[in-house]
Amino acid sequence: MDGATYPSIREKAAIYTAENLMIATMARYDPSHDAFHVERVRRTALSLAHSLPGREPDLLVVELAALLHDVLDKKYVSPVEAADPYAYFLPFFQSLATDHELDLISDGRARLIVRIVENVSWTTEKKLRETGNIDDWHKTCVELHCVQDADRLDAIGAFGIMRCAAYSAAVNRPLHAPPGRDDTAIQHFYDKLLHIQERLKTEPGKAMGAQRHQFMLLFLQSVRDEYNVEPVPPEALGKPPAQLEHSLQL
């Protein structure tokens, strides 16, 4: 696909239709998995797709998969809804063919988009690795890698920290607790978020991930420092607020 001419009029119509489907469906989800999260994933996925050296991902596949990737998130939909993603999205793809003359079903891209949606999840990939079911497609599909990396990048760094807190509030999970509890938002960093950097697929994604990983480490150090509060040293007493603020800049 020629990135210079993307998106065409028909592709713009498909994107607009996908946006409306996503917004209508995800309006009931909490702020950790809302339309703004999807918009960030879309922007990052396209940025990664444009930044891959020597590769030309199908930008429409990347963008539609990014827009639809959380519509059937198992944390928010019933097992019945999530059981057959292709059947769920088929009316959407049929409408593109009938209303906008963009037949993604016949050219196979509809199934590719749905397969990406089914495989974006960290948990899904973890299960596939544990059962030895990672195949060549998982290793080589650049469109999958762009969306996967974009979704994971939004789980770390500044936005990742806010999303972790938002989801914890939605499910009434403690943000922090004394040592000995493993059901807190902070524990989630050690269980998952600090490992995301290791699983990024694209080189541009790895570069972004390294920066966001460091930001999380600084955040976690601040959490430890604030919890294990120490007396303020004498030399810090009486400092003007501006100087204190400057000393804490990252």
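Here the structure is shown first, and the text comes after it.
Note that the coordinates shown come from a computational prediction; the quantities given were computed from them, not determined experimentally. (Residues numbered from 1 in each chain as written. Predicted model: local features only at pLDDT ≥ 70, side-chain atom pairs only at ≥ 80, totals over all residues. Heavy atoms only, no water.)

Okay, the pattern of salt bridges next. The final tally for this structure, using the stated rule, is 15 salt bridges. Where K75 meets D73, a salt bridge forms, and the shortest distance between an N and an O atom there is 3.0 Å. On the basis of relative accessible area, K75 is assigned to the partly exposed category, the value being 46%. What makes D73 buried here is its relative accessible area of 10%. One salt-bridge network, held together by shared partners, links E19, E39, R42 and E63. (Salt bridge = Lys/Arg side-chain N within 4 Å of Asp/Glu carboxyl O. Buried < 20%, exposed > 50% of the residue type's maximum accessible area, 1.4 Å probe, protein only.)

As a further point, take the packing of aromatic side chains. In total, this model carries 4 aromatic pairs according to the counting rule given. Pairing Y29 with Y76 gives two aromatic rings, centres 4.5 Å apart and planes at 20°, and the pair type is stacked. Remark: Y76 occurs in the loop between α3 (59-68) and α4 (79-82) and Y29 occurs in the loop between α1 (9-26) and α2 (35-51); sequence separation between them is 47 residues. Owing to a relative accessible area of 6%, Y29 belongs among the buried residues under this scheme. The aromatic ring of F159 is capped on one face by R40, whose charged end is 4.2 Å from the ring centroid. Of note, R115 hangs over the ring of W137, and the distance from its end group to the ring centre comes to 3.9 Å. (Phe/Tyr/Trp six-rings, centres within 6.5 Å; stacked < 30°, edge-to-face > 60°. Helix = DSSP H or I, 4+ residues; strand = E, 2+ residues; numbered from the N terminus. Lys NZ or Arg CZ within 6 Å of the ring centre and 35° of its normal.)

That's the geometry; what it means functionally is another story.
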